[in-house]
Structures are given as structure tokens and as C-alpha cells.
Amino acid sequence: MAAEPTQVEALVKRARKCVKRKDFTSAIEVYGEALQIDATHVGAHEGLAAACFMAEDFEGAIEHFAEVTKLDPWKASAYVNLGAVYNRLGEYSKAVEILQKGIQKDRKSAEAFYNIGIAYRHMDEPSMAVSAYREAIRLNPEMVEAHVNLANVYLEIGNNQQALVEYQTALELDPKFDRARRGIKRAESAIEKLRTDMSGFGRLVSESDGSPDEQSAVSLAAGGARVANAPKEWEEIREIVQKMINHADEVLMHLRTDLEPTLMALNRTVARGTDPEQKVVTR
């Protein structure tokens, strides 16, 4: 019996080598052999789940990541990975539920906030997505994908200037990141289009040929100048409002991930009539 743990570890090591070679079929088989010897081996379940995910066997990935959360309930990465799989399947509400549990286990997981940002974006909750991506970036400023995804959301809600900043930051972090380069072009086009749309009256002035209607043209010119200056002021106001919204979203995220579970636990305690000071561990 003493040789069994060594044998399991050897199989797990072999399976990891298969994953590195991108031979996911062999990796899945070897991880399966390890679990036949020890069905409670966390590393084997986790490795098998990852191999299934890369082989696009998402149901298998869910099964084994979920098993890891049972065997090691405080392993935050298992919840984060499980949430990522649900995102891949398009089950975004389920992903949020699982990822919030991961955040409760580890509030410093940039990956958890990044994945929950993906879910919120697809659930058409852009303000929540912005808050999640911003937190991921705060925890890991060099997460290029988070900068690009945040920029995408900003572009979708019309905050073009901030989108441009995030795309540029991503490209600085990774000059070969094509998505960032393409994003910069989209943001610049959106900014230019806004300027063009808002300075339409100004263009009428340039077409004036000194005709008897020149006085009207001068009047339009004054109006055009005011309109042409408006986009910059509006962008500044929009950025201030967005910052206020982001702050409110961060507070809401804190309430959802920290306070709500505590209140639910307290309600359960009161309902059972137990001592409020008793620490209850929910599994």
C-alpha cells in the first residue's frame, strides 16, 4: 500500500507531460488511471479537468473541477476554473454564481474578476463588467486581455476615449497583440465620427461664398464653434459620471460577494434558533 501514492504521483507527472505535448487524449487516459488508484487525488482531478477543457470536453471539465471543490472547498482556483468552463458553455448566470464563491475564497484572484467580467458583459450588465475588469487590472496590471476586454466594454457604452486608453495600454504591454491594435483603430474611428457628427454646423460656414446669406452663415459659424467644442466637454462629463458609476458598482460587487452570503448565513442561524455567536461552516 505504501507504493500507491508514489505510483499515483508518477502517473500524474506522466499525464502533465502529455498535456505539454498537447496530447490531451493520452493525458485524459493517464489521469484516469491515477484516479482508479486514488479517487480522492485532488491533483489528478484538477489535471484531468484541465485536459478535458483543452480537449473541448466541457462536461468532463465541469465534473472534475466540481469534484475538486468538494475535495478541497477552499481551493479558489477550482471555482475560478469551473466558472470559466460555464462561461465557455454560455451559462453566464451559473458562471457568476460559481465565480463569486471563488472570490469569497480569494479576493486577490485577478482571474476570478476577469472571468466574472466576461460573464457580466454577456449578460448585458456593462457597469458590472467594467467594475470586474478594473479590479482584475488593479490586482494584475499586466493582464493584457483584461485591458482589451475592458476597452471593448467602454467602446460598447460609448466611452471611446477611455477605450482608446485601455487599448493603448494593452499594446504597450504586448506590442504584438493584434486585438489591441485593431481596437485602437476602432476607438479612433469612433472618436473621429463623434467629432464629425457634432461639428456639422461648422462645415456649413466653409461652404459660404460671400452671398447675401453671409450673415446667416456667420450665425451658423458661431453655433458651429460651440457645437465643435462640445464633444470634449461632454467626454469629460461622461468620464466623471462613469467614474461615479464604477465606484457604485465596486460597492455593489463588495455587497454581493461579501455581505450577502454573511446575511444569508445569519438568517439561517436565526431561523434555526442557534446561538448567533456560533461559527457555522457551510459546505
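Everything quoted here is computed from the prediction, not taken from an experiment.

Is there a simple way to think about the overall build of the chain in this case?
Summing up its helical and strand segments, the chain has 13 helices and zero strands in all. Counting from the amino terminus, helix and strand elements in the chain follow one another as α-α-α-α-α-α-α-α-α-α-α-α-α. Looking at the chain as a whole, 37% of its 283 residues qualify as buried. When the accessible surface of the chain is summed, it comes to about 16600 Å², and 53% of that surface belongs to carbon and sulfur atoms.

Mind showing me how you'd approach the environment of tyrosine 86 here?
Relative to the elements of secondary structure, tyrosine 86 occurs in helix α5 (residues 76–88). With 13 residues separating them along the chain, tyrosine 86 and leucine 99 place their C-alpha atoms 9.8 Å apart. Residues in contact with tyrosine 86, not counting those within four places in the same chain, are Ile62, Glu91, Lys94, Ala95 and Ile98.

Would you take a moment to explain the pattern of salt bridges for this structure?
Think of it this way: side chains of opposite charge can pair up when their charged atoms draw near. Evaluation of the coordinates by the stated rule reveals six salt bridges. Ionic pairing is found between arginine 138 and glutamate 135, a salt bridge with its closest N-O pair at 2.7 Å. Taken together, the residues arginine 138 and glutamate 135, both in helix α8 (residues 126–139) and three residues apart, mark about one turn of the helix. In this structure arginine 138 comes out as exposed when scored by relative accessible area, which is 56%. Overall, the relative accessible area of 17% leaves glutamate 135 in the buried class. Between arginine 181 and aspartate 178 there is a salt bridge whose closest N-O contact spans 3.0 Å. Taken together, the residues arginine 181 and aspartate 178, both in helix α11 (residues 178–198) and three residues apart, mark about one turn of the helix. With a relative accessible area of 45%, aspartate 178 lands in the partly exposed category.

Would you explain the packing of helix α2 (residues 24–37) against helix α3 (residues 42–54) in this entry?
Each packed pair of helices is defined by two parameters, the angle between the axes and the distance between the axes. Two numbers describe how α2 lies on α3: the axes approach to 9 Å, and their chain directions differ by 155 degrees. One way to sum up the angle between α2 and α3 is to call them roughly antiparallel. For the pair α2 and α3, the crossing hand works out as left-handed. For the pair formed by α2 and α3, the contact residues are Phe24, Ala27, Ile28, Tyr31, Ala34 and Leu35 on the first element and Gly43, Ala44, His45, Gly47, Leu48, Ala51, Cys52 and Met54 on the second. When the residues that make up the contact of α2 with α3 are grouped by side-chain class, the tally is eleven nonpolar, three polar and no charged.

Here is what the cut-offs are and how they apply
- Residues numbered from 1 in each chain as written.
- Predicted model: local features only at pLDDT ≥ 70, side-chain atom pairs only at ≥ 80, totals over all residues.
- Heavy atoms only, no water.
- Helix = DSSP H or I, 4+ residues; strand = E, 2+ residues; numbered from the N terminus.
- Buried < 20%, exposed > 50% of the residue type's maximum accessible area, 1.4 Å probe, protein only.
- Areas by Shrake-Rupley, 256 points an atom, 1.4 Å probe, with all protein chains shown as cover.
- Contact = heavy atoms within 4.5 Å.
- Salt bridge = Lys/Arg side-chain N within 4 Å of Asp/Glu carboxyl O.
- Axes fitted to C-alpha atoms, helices over the stretch in contact; angles between N-to-C directions.
- Parallel < 35°, antiparallel > 145°, perpendicular 65-115°, else oblique.
- Left-handed = near helix turned anticlockwise from the far one by under 90°.
- Nonpolar A, V, L, I, M, F, W, Y, C, P; charged D, E, K, R; others polar.

Taken by themselves, the reported measurements are silent on function.
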